[in-house]
Amino acid sequence: MKNPLRSEAEAFRFLLGAAVYFGLIAIAGVLNPWAGLAVFVVLSAGVLGWWLRARRVEAPQLATPVRHGNPDELRILVIANETVGGSALRERIQEHTAGHSTQVLVVTPALNSPVRTFTSDVDRAREQAQGRLEASLAQLSEAGIEARGEIGDGDPLQAMEDALRTFGADEIIISTHPEGRSHWLERGVVSGARERFAVPITHVVVDLEAEREEVR
């Protein structure tokens, strides 16, 4: 079944819509009981239609990315947000690029709060993501890995789909916090990507707290 509330922003819009729904019915009912009933019927019919569309069963479809560049070249798409600078991620990228002619694209989704997303205020989220991305690319370069980066959609699955459309990839590396501290794991981003994209997917767990302790 398709989940109609795939992100925090969608859940926030759903709650706002529910508040408007009951508010309109209440206002109409105070003005005139029959008007309240009419508003209830019309709005309920619209909500029922939306719910039936959201529950439609869809056959899973794996998206195969279009191949770009030299056919002998390994193309790796890396998706990471707060963990983009983690040493565990750099080490995994080094392992996957060793001995290959490689193109690496690092995409950092511009994650935002539901309120800021709803009001289209994404500048701050993009600035923060850009700072993390630039620091990570510098660290990869120091490790001998040439990579380029870009800011992606706030929904990591959508960010992957967008990148695959323009970059293509032979594999995807998804970096997250450990289980229990990762919103992406709670939202099923890794499993969702494996169901959605027909390329090998590697999940890397980056424990930033443990890495900081090792540095100390």
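Quick caveat: nothing in here was measured; it's all calculated off a predicted structure.

1. Looking at the overall build of the protein chain
Looking only at helices and strands, one finds 9 helices and 5 strands in the protein chain. The buried share among the 216 residues of the protein chain stands at 33%. Once local pairs closer than 6 in sequence are excluded, the contacts in the protein chain between residues at least 24 apart make up 76%. When the accessible area of the protein chain is evaluated, it comes to approximately 12,700 Å², of which 56% is carbon and sulfur surface.

2. Focus: the side chain of E171
Looking at the element boundaries, E171 is found in strand β4 (residues 171-176). R92 is the oppositely charged side chain nearest to the buried, salt-bridge-free E171, at an N-O distance of 8.0 Å. Leave out the neighbours within four places in its chain, and E171 touches L74, R75, I76, L77, H96, P200 and T202.

3. Describing the packing of aromatic side chains
Evaluated as defined, the whole model comprises 0 aromatic pairs. Over the aromatic face of F167 sits the side chain of R75, whose NZ or CZ is 4.2 Å from the ring centroid.

4. Focus on the pattern of salt bridges
Counting across every chain of the model gives 7 salt bridges. Between R181 and D207 there is a salt bridge whose closest N-O contact spans 2.8 Å. In this pair, R181 sits in the loop between β4 and α7 (183-186) while D207 sits in the loop between β5 (201-205) and α9 (208-215), placing the two residues 26 residues apart along the sequence. Residue D207 is classed as partly exposed on the basis of its relative accessible area of 27%. It is possible to trace a salt-bridge network through shared partners that takes in E161, D162, R165 and R196.

5. A word on helix α3 (residues 87-97)
Those residues of α3 that fall on the buried side of the exposure criterion are L89, I93, H96 and T97. With its buried residues spanning 90° around the axis, α3 presents them on a single face. Check the buried side of α3 and you find it contacts β1 (74-79), β2 (102-109), α5 (123-142), β4 and β5.

6. Structural notes on the confidence of the model for the protein chain
The predicted model of the protein chain has a mean per-residue pLDDT of 78, with 73% of residues at 70 or higher. Every residue in residues 1-7 scores below 50 in pLDDT, and together they form 13 contacts with partners more than four places removed in sequence or on other chains.

7. A word on the packing of helix α6 (residues 156-166) against helix α8 (residues 189-196)
Close contact between α6 and α8 brings their axes to 10 Å; oriented N to C, the two are set at 35°. Relative to α8, the crossing made by α6 is right-handed. From α6, P156, L157, Q158, M160 and E161 reach across to α8, where they touch V189, G192, A193 and R196. A per-class count over the contact of α6 with α8 returns 5 nonpolar, 2 polar and 2 charged.

8. Let's talk about the sheet that holds β2
Ordered in space as β3-β2-β1-β4-β5, the 5 strands form an open sheet in which the pairing is parallel. Single-partner strands in this sheet number two, and they are β3 (147-152) and β5. Strand-to-strand, the axes of this sheet are offset by a mean angle of 20°, without reference to chain direction. As defined by bridge partners, β2 adjoins β3 across 6 bridges and the pair is classed as parallel. In the sheet register, V106 faces β3, and the bridge partner there is G149.

What counts, and at which threshold
Residues numbered from 1 in each chain as written. Predicted model: local features only at pLDDT ≥ 70, side-chain atom pairs only at ≥ 80, totals over all residues. Heavy atoms only, no water. Helix = DSSP H or I, 4+ residues; strand = E, 2+ residues; numbered from the N terminus. Buried < 20%, exposed > 50% of the residue type's maximum accessible area, 1.4 Å probe, protein only. Contact = heavy atoms within 4.5 Å. Areas by Shrake-Rupley, 256 points an atom, 1.4 Å probe, with all protein chains shown as cover. Lys, Arg positive; Asp, Glu negative; His and termini not counted. Salt bridge = Lys/Arg side-chain N within 4 Å of Asp/Glu carboxyl O. Phe/Tyr/Trp six-rings, centres within 6.5 Å; stacked < 30°, edge-to-face > 60°. Lys NZ or Arg CZ within 6 Å of the ring centre and 35° of its normal. Arc of directions from axis to C-beta. pLDDT = per-residue confidence, 0-100. Axes fitted to C-alpha atoms, helices over the stretch in contact; angles between N-to-C directions. Left-handed = near helix turned anticlockwise from the far one by under 90°. Nonpolar A, V, L, I, M, F, W, Y, C, P; charged D, E, K, R; others polar. Pairing = 2+ DSSP bridges.

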